[in-house]
Amino acid sequence: MNLPNIIRPEHTFIGVSAPTKWRALQTIADKAAKAFSVDGQTILKALEAREKLGSTGIGNGIAIPHAAIDNMTSPRGLLLRFAQPLDFEAIDDIPTDIAFVLLFGENNRGEYLNVLSAIARRLQSDGVLAAMRKARTVDEFYSDFIADSRG
């Protein structure tokens, strides 16, 4: 799984302000709309609908908001670090500071699961999360995540 094809440097953000999970989803939808030329309200509705099924806060300060979006031909993503950790209703109750956002077409559900698996493997690598949390620039933040994940 070639994560740099799905989450690109220009779709990486640090210092994102959001007081709540729902405002975070709105901010994510706005950024994704600009990045992928998709209607922001369509993205927001899809992310909110998915979140209502169960929190995408997976624990350890990580959330993976995701949704199927009509007319998306391949999975695309954003990588964000929030200015302040927020309650994403994760199972471990640890506030979320990093979000991986995945958007995919209905026909890409299988590929989307591969992307989730690749992200999970990457986060299990020694020091990746710690380095991402210490990164001072967007370039460092992105590089800390992507390094050695091109396989």
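Okay, so let's go over this structure. Computed from a predicted model, the values in this text were never measured in an experiment.

What about the nonpolar core?
Within the largest apolar cluster, 26 residues are counted, with the highest numbers of intra-cluster contacts made by Ile28, Ile43, Leu47, Ile69, Leu78, Leu80 and Leu103. Sorting the residues of this core by element identifies helix H2 (21-36), helix H3 (40-53), strand E5 (76-86) and strand E6 (96-104) as the ones contributing at least two each. Among the elements that line this core, the one with the most residues is H2, at seven residues. Listed in part, the 23 residues of the second largest apolar core include Val128, Leu129, Met132 and Phe145.

Topic: the packing of aromatic side chains
If you walk through the whole model with that rule in mind, you get one aromatic pair. When the centroid spacing of 4.9 Å and the interplanar angle of 50° are considered together, the rings of Phe100 and Phe145 count as tilted. On the criterion of sequence distance, the pair formed by Phe100 in strand E6 and Phe145 in helix H6 (residues 138-146) is long-range, its members being 45 residues apart. Classification of Phe145 as buried rests on a relative accessible area of 0%. The ring of Phe13 has Lys31 sitting right over it, with the charged end atom 4.2 Å from the ring centre. Taking NZ or CZ as reference, Arg81 lies 5.4 Å from the ring centre of Phe141, over its face.

A short note on the packing of helix H4 (residues 109-124) against H6
At their nearest, the axes of H4 and H6 sit 9 Å apart, and the two run at 100° to each other. By the criterion of interaxial angle, the relationship of H4 to H6 is roughly perpendicular. Across from Ile119, Arg122 and Leu123 in H4, the residues of H6 making contact are Asp144, Phe145 and Ile146. Counted by class, the contact of H4 with H6 contains four nonpolar, no polar and two charged residues.

Focus: the side chain of Thr96
Within the secondary structure, Thr96 is located in strand E6. Aside from chain neighbours lying at most four places away, what touches Thr96 is Gly61, Ile62, Ala63, Phe82, Gln84, Pro85, Leu86 and Phe88.

A closer look at unusual backbone geometry
Trans peptide bonds make up most of the peptide bonds, and negative phi angles are found at most residues other than glycine. Of note, Asn71 is a non-glycine position whose phi angle comes to about 70°, a positive value. Turning to its location among the elements, Asn71 is positioned in the loop between strand E4 (66-68) and E5. Judged by relative accessible area, Asn71 falls into the exposed class, the value being 78%.

Side note on H6
Of all the positions in H6, only Phe141, Tyr142, Phe145 and Ile146 are classed as buried. Taken around the axis of H6, the buried residues stretch over an arc of 120°, which confines them to a single face. On the buried face of H6, the contacting elements are helix H1 (3-6), strand E1 (7-16), E5, E6, H4 and helix H5 (128-134).

With respect to the pairing of E5
Within E5, eight of the 11 residues are buried, which leaves it mostly tucked inside the rest of the structure. Pairing of E1 with E5, which is carried by five bridges, proceeds in the parallel orientation. Along E5, the bridge assignment pairs Thr12 with Leu79. Across seven bridges, E5 lies against E6 in antiparallel orientation. Paired with Leu78 across the bridge in E6 is Val101.

Re the side chain of Arg81
Relative to the assigned elements, Arg81 resides in strand E5. Summary of buried charges: Arg81 has no salt-bridge partner, and the nearest side chain of opposite charge, Asp97, is 6.3 Å away. Those residues within four positions of Arg81 in sequence are excluded, and the remaining contacts are Phe13, Ile14, Gly15, Val16, Asp97, Ile98, Met132, Arg133, Lys134, Ala135 and Phe141.

Calculation rules
- Residues numbered from 1 in each chain as written.
- Predicted model: local features only at pLDDT ≥ 70, side-chain atom pairs only at ≥ 80, totals over all residues.
- Heavy atoms only, no water.
- Core = buried A, V, L, I, M, F, W, Y, C linked by side-chain atoms within 4.5 Å.
- Buried < 20%, exposed > 50% of the residue type's maximum accessible area, 1.4 Å probe, protein only.
- Helix = DSSP H or I, 4+ residues; strand = E, 2+ residues; numbered from the N terminus.
- Phe/Tyr/Trp six-rings, centres within 6.5 Å; stacked < 30°, edge-to-face > 60°.
- Lys NZ or Arg CZ within 6 Å of the ring centre and 35° of its normal.
- Axes fitted to C-alpha atoms, helices over the stretch in contact; angles between N-to-C directions.
- Parallel < 35°, antiparallel > 145°, perpendicular 65-115°, else oblique.
- Contact = heavy atoms within 4.5 Å.
- Nonpolar A, V, L, I, M, F, W, Y, C, P; charged D, E, K, R; others polar.
- Arc of directions from axis to C-beta.
- Pairing = 2+ DSSP bridges.
- Lys, Arg positive; Asp, Glu negative; His and termini not counted.
- Salt bridge = Lys/Arg side-chain N within 4 Å of Asp/Glu carboxyl O.

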